[in-house]
Amino acid sequence: MTPTPTFDEFASLFPLSEDVSSVAAVSPDEMPEPYRGLLVHKHHMTVTVEKHYGSPVTVSVLRSWRDGDIYSRKILLALANSARVVQFGVVRINLSFLSRAVKDEIVAEGTPLGRVLINHKVLRRIVPISHLRAVLGPDLAGRFGVPPGTTTYGRIGVIFTDNQPAIEVLEVLAPI
């Protein structure tokens, strides 16, 4: 059975009101391009964003916490060639579904999650749960270099590793 995480669940992990002032569920058809192409698929956002911008991405962990095998973090992805922030995210990971090497690299916080899973050849399946229209709060708007109140889009999904629902993700793109 696939978990169905919500925006409110991610907001309970880390306060998000200064990042996203409001969200609304939208259908993929309601998303304008290029957001639809960047969010409506079953691929890692790391790879999708890198392909769109023509640059590898780096990860900055803003906050993280761990309780046993449950590890969560609030992150930014930035272009390696310019340091421009292109994605915000929150992840909750059940580390018990991952090998020691994968766990260690994830909690080291130096490599984007998608790249870790790809590099370790972790069998994975990505299930989009919902798509969102997000209005940016002052903190995230500042990181994206846009005025507060700017609208952008995102998604919530679950990543299965070896057929186990190991990772829940909230991903919000920088306005394009």
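Scroll up a little and you will see the structure.
Nothing here was measured: the structure is a model prediction, and the numbers come from that model.

Description of the pattern of salt bridges
Think of it this way: side chains of opposite charge can pair up when their charged atoms draw near. This model, assessed by the stated rule, comprises seven salt bridges. Among the ionic pairs, R115 bridges to E50, the shortest N-O distance being 2.5 Å. A residue pair is termed long-range when its members are at least 10 positions apart, and R115 in helix α5 (residues 113-119) and E50 in helix α3 (residues 45-53) qualify at 65 residues. Ionic pairing is found between E168 and R92, a salt bridge with its closest N-O pair at 2.5 Å. Here E168, found in strand β7 (residues 164-173), pairs with R92, found in strand β4 (residues 85-94); they are 76 residues apart in sequence, far enough to count as distant. Its relative accessible area of 14% is what places E168 among the buried residues. Three or more residues joined by partner-sharing salt bridges are found here, namely E9, R92 and E168.

Examining the packing of aromatic side chains
Evaluation of the coordinates by the stated rule reveals one aromatic pair. A ring pair is formed by Y35 and Y153, whose centres lie 4.9 Å apart and whose planes are at 50 degrees; its orientation type is tilted. Residue Y35 is located in helix α2 (residues 35-39), and its partner Y153 is located in strand β6 (residues 151-161); the two are separated by 118 residues in the primary sequence. Y153 carries the same exposure label as Y35, and that label is buried. A cation over a ring is seen here: R125 above F160, with NZ or CZ 4.2 Å from the ring centre.

Details of the sheet that holds strand β2 (residues 57-67)
Strand pairing in a sheet relies on backbone hydrogen bonds. The paired strands run either parallel or antiparallel. Here we have seven strands laid out as an open sheet, ordered β1-β5-β6-β7-β4-β3-β2, and antiparallel in their pairing. Of all the strands in the sheet, just β1 (20-26) and β2 have a single pairing partner and so form its edges. For this sheet, the mean inter-axis angle between neighbouring strands, taken without regard to orientation, is 25 degrees. The pairing of β4 with β7 spans seven bridges and is antiparallel.

Considering unusual backbone geometry
In this model, E33 is joined to P34 through a cis peptide bond whose omega is 5 degrees. By secondary structure assignment, the location of P34 is in the loop between β1 and α2. The phi dihedral of K121 is positive, around 55 degrees, even though this residue is not glycine. Note on placement: K121 falls in the loop between α5 and β5 (124-136). With phi around 65 degrees, N163 is a residue other than glycine that occupies positive phi space.

Things to note about the environment of V169
Residue placement: V169 occurs in strand β7. Those residues in contact with V169 that lie beyond four places of it in its chain are F10, V90, V91, R155, I156, G157 and I159.

Here we look at the side chain of D19
On the secondary structure map, D19 appears in the loop between α1 (7-13) and β1. Overall, the relative accessible area of 3% leaves D19 in the buried class. Side-chain polar atoms of D19 contact the side chain of K74, separated by 2.7 Å. Excluding residues that lie within four positions of it along the chain, D19 makes contacts with K74, F88, L136, G137, D139 and L140.

Parameters at a glance
Residues numbered from 1 in each chain as written. Predicted model: local features only at pLDDT ≥ 70, side-chain atom pairs only at ≥ 80, totals over all residues. Heavy atoms only, no water. Salt bridge = Lys/Arg side-chain N within 4 Å of Asp/Glu carboxyl O. Helix = DSSP H or I, 4+ residues; strand = E, 2+ residues; numbered from the N terminus. Buried < 20%, exposed > 50% of the residue type's maximum accessible area, 1.4 Å probe, protein only. Phe/Tyr/Trp six-rings, centres within 6.5 Å; stacked < 30°, edge-to-face > 60°. Lys NZ or Arg CZ within 6 Å of the ring centre and 35° of its normal. Pairing = 2+ DSSP bridges. Axes fitted to C-alpha atoms, helices over the stretch in contact; angles between N-to-C directions. Contact = heavy atoms within 4.5 Å. Polar contact = N/O pair within 3.5 Å; in protein donor to acceptor, adjacent residues only side chain to side chain.

Read these as spatial facts, not as claims about activity.
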